[in-house]
Amino acid sequence: MPLTRSLDDATVVITGASSGIGAATAYALARRGADVVLAARTEEALRRVADRCRELGGRALVVPTDVTDPEAVERLAARAAGEFGRIDAWVNNAAVGTVGLFDEIPVSEFRRVVEVNLLGTVHGTRAALPWLDAAGGGVLVNNASVLAEVAMPYQSAYNATKHAIRGLADTVRQELRVTGRGHISLCTVLPASIDTPFFRHAANHTGRELTPPPPVYPPDLVAETIVRLLRRPRREAYAGGAARLMGLQWRLAPALAERALGWYTARTQFGPGVRLDATGNVFHADAAAERTDGWQGRRAQLIRLTAAFGLAAAGTAVGTMAAMSRRPRTER
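The present account deals with the structure reproduced in this document. Small disclaimer: the values here were computed from a predicted structure and weren't measured. (Residues numbered from 1 in each chain as written. Predicted model: local features only at pLDDT ≥ 70, side-chain atom pairs only at ≥ 80, totals over all residues. Heavy atoms only, no water.)

Quick word on the pairing of strand E6 (residues 138-143)
Counting buried positions along E6 yields six of six residues, so the element is predominantly enclosed. Burial along E6 is two-sided: the residues Gly 138, Leu 140 and Asn 142 and Val 139, Val 141 and Asn 143 are all buried. As paired strands, strand E4 (residues 89-92) and E6 are joined by four bridges and run parallel to one another. Counted as the bridge partner of Val 91 is Val 141 from E6. Here six bridges tie E6 to strand E7 (residues 184-191), and the two strands are oriented parallel to one another. Opposite Val 141, over in E7, you have Cys 187 as the bridge partner. Once the chain exits E6 it traverses helix H5 (residues 156-178) before rejoining the sheet at E7, and the crossover so formed is right-handed. (Buried < 20%, exposed > 50% of the residue type's maximum accessible area, 1.4 Å probe, protein only. Helix = DSSP H or I, 4+ residues; strand = E, 2+ residues; numbered from the N terminus. Pairing = 2+ DSSP bridges. Right-handed = clockwise from strand over helix to strand, strands pointing away.)

Quick look at the structure:
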């Protein structure tokens, strides 16, 4: 079920709203006149995003929130409803990452990624559902990743949480239907590599510069996908053609796709530089994190164009090999 009112009369809560996809989504909604409630750890960055939202024509409320604290997330929901009268949609977007070999990532960081990415989504979902129900219906969007369906090396903690978020959404969606709350829609977004500060902010135990594996898409692409889901909810939506292609490869020939994607991403997620700071923003927020794009910036379009052909060819090969493997063998 879509929103019960138009976007220019809707209130939308966004976590992880201080940068990247969260900030881009806030801007996309503000352009359409929505009231946006911005949540993240850093108040200064949130206020800059809020100022831009107001310039674009929307109203904005800043509520600094650590999504790992369930009581803080409940207060976020209450503040949003108290300010604007209701909550029509909620976007769970907050995420952090730690990159390195599984057995080299500190347990404390692995736990923190689970707390932010997975439990943050759990807390947001639990806080949002009563208010969406009280509004007569609404839409809850979980921003996962194509890594909720596929996997890549050096991202074990992130992969695990995104797979879990997808499973959580499927289960809660079933429960909403069987308990007569089908007027609440729960959607999962599966973006490809997005040009945000995520890789720059991730904890890094590789000693090498991190880069998003190409093709890389702008955060506005995910923001517009989320806007479309608010208007016409679907179970899942890919953001970026590469995400759809990778998902198809994984379903057609999972063993081959696992090997190919592992080989590809192990060679494309590292740049030529050296990274000595291993902690990232896993435990502490970046006060200057209001950028929607990452270090790639102007190179993103070129990367998409040069890499798209290779991915398309790989997808064709996987599909062909899978189809051939299903053909009955003839006697010689």
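Digging into the environment of Gly 33
You can see Gly 33 is positioned in the loop between helix H1 (20-31) and strand E2 (35-39). Given a relative accessible area of 22%, Gly 33 falls into the partly exposed group. For the pair Gly 33 and Arg 54, spaced 21 residues apart in sequence, the C-alpha to C-alpha distance is 9.3 Å. Ignoring anything within four residues of it in the chain, the contact list for Gly 33 reads Leu 7, Asp 8 and Gly 57. (Contact = heavy atoms within 4.5 Å.)

Digging into the packing of aromatic side chains
Tallied over the full model, the rule gives four aromatic pairs. Consider the rings of Phe 102 and Phe 110, whose centres lie 6.1 Å apart with planes at 85 degrees: the pair is edge-to-face. Joined through ring pairs, the aromatic side chains of Tyr 158, Phe 198 and Phe 199 make up one cluster. (Phe/Tyr/Trp six-rings, centres within 6.5 Å; stacked < 30°, edge-to-face > 60°.)

Examining the sheet that holds strand E3 (residues 59-62)
Across the sheet, which stays open at both edges, the seven strands sit in the order E3-E2-E1-E4-E6-E7-E12 with parallel pairing between neighbours. The open sheet is flanked by E3 and strand E12 (236-239), the only strands paired with a single partner. Averaged over all neighbouring strand pairs, the angle between strand axes comes to 20 degrees, with direction disregarded. In terms of strand pairing, strand E1 (residues 11-15) meets E4 through three bridges, oriented parallel. The partner of Ile 14 across the bridge, within E4, is Val 91. Seen against the sheet, H5 touches E6, E7 and E12 and runs at an angle of roughly 160 degrees to E7. Lying over the sheet, helix H8 (residues 241-252) contacts E7 and E12, oriented at roughly 120 degrees with respect to E12. (Axes fitted to C-alpha atoms, helices over the stretch in contact; angles between N-to-C directions.)

Details of H5
Structural remark: α-helix, 3.6 residues per turn; residues separated by three or four positions point the same way. Taking 1.5 Å per residue as the helical rise, H5 with its 23 residues ought to reach 33 Å, and the 34 Å between its terminal C-alpha atoms agrees with that figure. When we look at burial in H5, the residues that qualify are Ala 157, Tyr 158, Asn 159, Thr 161, Lys 162, Ile 165, Ala 169, Val 172, Arg 173 and Leu 176. Those residues of H5 hidden inside the fold are in contact with strand E5 (98-99), helix H4 (107-134), E6, E7 and helix H6 (198-201). Positive backbone phi, at 75 degrees, marks Gly 180, one or two positions downstream of H5. (Expected span 1.5 Å × (residues − 1).)

Structural notes on the environment of Val 107
Within the element layout of this structure, Val 107 appears in helix H4. Judged by relative accessible area, which is 58%, Val 107 ranks as exposed. Here the alpha-carbon distance between Val 107 and Ala 157, two residues 50 residues apart in the chain, equals 9.9 Å.

Structural notes on empty space enclosed by the protein
Tallied over the entire structure, the rule returns two cavities of 30 Å³ or more. Forming the boundary of the second largest cavity are Thr 15, Val 67, Asn 92, Asn 93, Ala 94, Val 116, Asn 117, Gly 120 and Thr 121. By residue number, the principal contributor to the lining of the second largest cavity is H4, which donates four residues. The residue inventory of the lining of the second largest cavity, partitioned by class, reads three nonpolar, six polar and no charged. (1 Å grid on protein atoms, 1.4 Å probe; cavity = no way out; pocket = protein on both sides within 12 Å on 5 of 7 lines; lining within 4 Å. Points joined across faces, edges and corners; volume = space filled by probe spheres on them. Nonpolar A, V, L, I, M, F, W, Y, C, P; charged D, E, K, R; others polar.)

A word on the nonpolar core
Grouped together as the largest cluster of nonpolar side chains are 65 residues, with contacts concentrated most on Ile 14, Leu 29, Leu 38, Cys 53, Val 141 and Leu 230. Ignoring sequence-local partners within four residues, the contact set of Val 141 consists of Trp 90, Val 91, Asn 92, Cys 187, Val 189, Ile 226, Leu 229 and Leu 230. Grouped together as the second largest cluster of nonpolar side chains are 29 residues, Phe 84, Ile 87, Leu 129 and Leu 132 included. (Core = buried A, V, L, I, M, F, W, Y, C linked by side-chain atoms within 4.5 Å.)

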